[in-house]
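Observations on chain architecture
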Amino acid sequence: MSEKPKNRLDEQIDENLRRVYQSAVNEPVPDRFAQLLAQLRKSETDSEKSEADA
Amino acid sequence: MSDPRDELVTHLPAMRAFALSLARNSAAADDLVQDSLVKAWSNFDSFQPGTNMRAWLFTILRNTYYSLHRKRRREVEDPDGVMAGQLSVKPSHDGSLAMRDFQVAFMQLNDEQREALTLVGAEGFSYEEAADMCGCAVGTIKSRTNRARKRLAELMGMEENETYEVTDARTLAVLSGKPAA
């Protein structure tokens, strides 16, 4: 059984692609996103509270 | 009890990488991630527990990108090459020229090609998953990735039957026909 091998050029392109992508993934995530999530959670909690109070 | 939304934060690095491959500059990419995150949060009901949250988030992100981009394209014609000329691609951490040139070549692909290649080639989604996320046929994703790889090879001056180790500046200089900076 011979599975058709992916050609070498495509392999190299994918390897480069993964390396570039991985280096972007490895970038530290700016604080603004943690703040945004905290804010979303807070506004939800606040509105639940005000609903409960009403 | 844990909130399933706690998982969102673990996908942020990948969302930013995917957004960068679409938006092509980091400020626009982070705005895109922010918009997507707000949408994901407020539509969290539409996420089916047990399914792939990353795929769900990427779908939101690419839909957000395309709706913004289409609007913008109506306002400003953006012929091929103009965006590529304005790239703010940072060299990778090892500073290798090879990676930077690869990035520049990648950024010259069209939206659909960058998207398909990132989903399948970089993130490792199956053709079926990528097709689901992009709302197109599996064959469409396959042909987009094939064309994208072919175009990249052209842009990088790579040819089949030749072997390259794209690892250092000197090799890349040979590859691209440009002198090493």
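Everything numeric in this text was worked out from a predicted model, so none of it was measured.

Turning to helix α2 (residues 26-42) of chain B, a few remarks are in order. Residues and elements named next belong to chain B. For α2, built from 17 residues, the straight-helix expectation of 24 Å at 1.5 Å per residue is met to within 8% by its first-to-last C-alpha distance of 24 Å. Within α2, the full set of buried residues consists of Ala29, Leu32, Val33, Ser36, Leu37 and Ala40. Viewed end-on, α2 has its buried residues packed into an arc of 135 degrees, placing them on one side of the element. For α2, the exposed residues set more than 90 degrees away from the buried face come down to Ala27 and Ser42.

The next thing to look at is the interface of chain A and chain B. The figure often quoted for interface size is the accessible area lost as the parts come together. Across the contact, 23 residues belong to chain A and 30 residues belong to chain B. When residues of the side of chain A that touches chain B are traced back to their parent elements, those giving at least two are α1 (8-25) and α2 (31-53) of chain A. It is α1 of chain A that contributes the most residues to the side of chain A that touches chain B, 15 residues altogether. Among the residues making up the side of chain A that touches chain B, the classes are represented as 13 nonpolar, four polar and six charged.

In this structure's numbering, the residues bearing the UniProt feature "domain: Anti-sigma factor NepR" (unreviewed entry) are residues 11-44 of chain A. As annotated, residues 11-44 of chain A has a helix share of 85% and a strand share of 0%, and its two end C-alpha atoms lie 47 Å apart.

We now examine the UniProt feature "domain: RNA polymerase sigma factor 70 region 4 type" (unreviewed entry) in chain B. In this structure's numbering, the residues bearing the UniProt feature "domain: RNA polymerase sigma factor 70 region 4 type" (unreviewed entry) are residues 102-152 of chain B. Note that residues 102-152 of chain B is 80% helix and 0% strand, and that its end C-alpha atoms are spaced 8 Å apart.

Glancing now at the domain arrangement of chain B. Residue and element names in this part refer to chain B. One can read the domain layout of chain B as domain 1 (1-78) and domain 2 (88-181). Counting residues per element, the ones that place at least two in the side of domain 1 that touches domain 2 are α1 (12-23) and α3 (53-75). Of the residues belonging to the side of domain 1 that touches domain 2, the class tally is five nonpolar, four polar and two charged.

Two numbers describe a pair of packed helices, the interaxial angle and the distance between the axes. All names here are of chain B. For the pair α1 and α2, the least separation of the axes is 8 Å and the interaxial angle reads 125 degrees. With respect to α2, the axis of α1 lies oblique. As for the relative orientation of α1 and α2, their crossing is right-handed in sense. Counted together, Met15, Arg16, Ala19, Leu20 and Ala23 of α1 and Ser26, Ala28, Ala29, Asp30, Leu32, Val33 and Ser36 of α2 form the full contact between these two elements.

Residues and elements named next belong to chain B. Topologically, Ser21 is positioned in helix α1. With 14 residues separating them in the primary sequence, Ser21 and Glu7 have C-alpha atoms 23 Å apart. Aside from chain neighbours lying at most four places away, what touches Ser21 is Arg114 and Thr118.

About the cut-offs
Residues numbered from 1 in each chain as written. Chains lettered and ligands numbered in written order. Predicted model: local features only at pLDDT ≥ 70, side-chain atom pairs only at ≥ 80, totals over all residues. Helix = DSSP H or I, 4+ residues; strand = E, 2+ residues; numbered from the N terminus. Expected span 1.5 Å × (residues − 1). Buried ≥ 20, exposed ≤ 12 C-beta atoms within 10 Å, placed from the backbone. Arc of directions from axis to C-beta. Contact = placed C-beta atoms within 7 Å. Nonpolar A, V, L, I, M, F, W, Y, C, P; charged D, E, K, R; others polar. UniProt positions renumbered as here; feature names shortened; annotations may be inferred. Domains from an automatic or database assignment. Axes fitted to C-alpha atoms, helices over the stretch in contact; angles between N-to-C directions. Parallel < 35°, antiparallel > 145°, perpendicular 65-115°, else oblique. Left-handed = near helix turned anticlockwise from the far one by under 90°.

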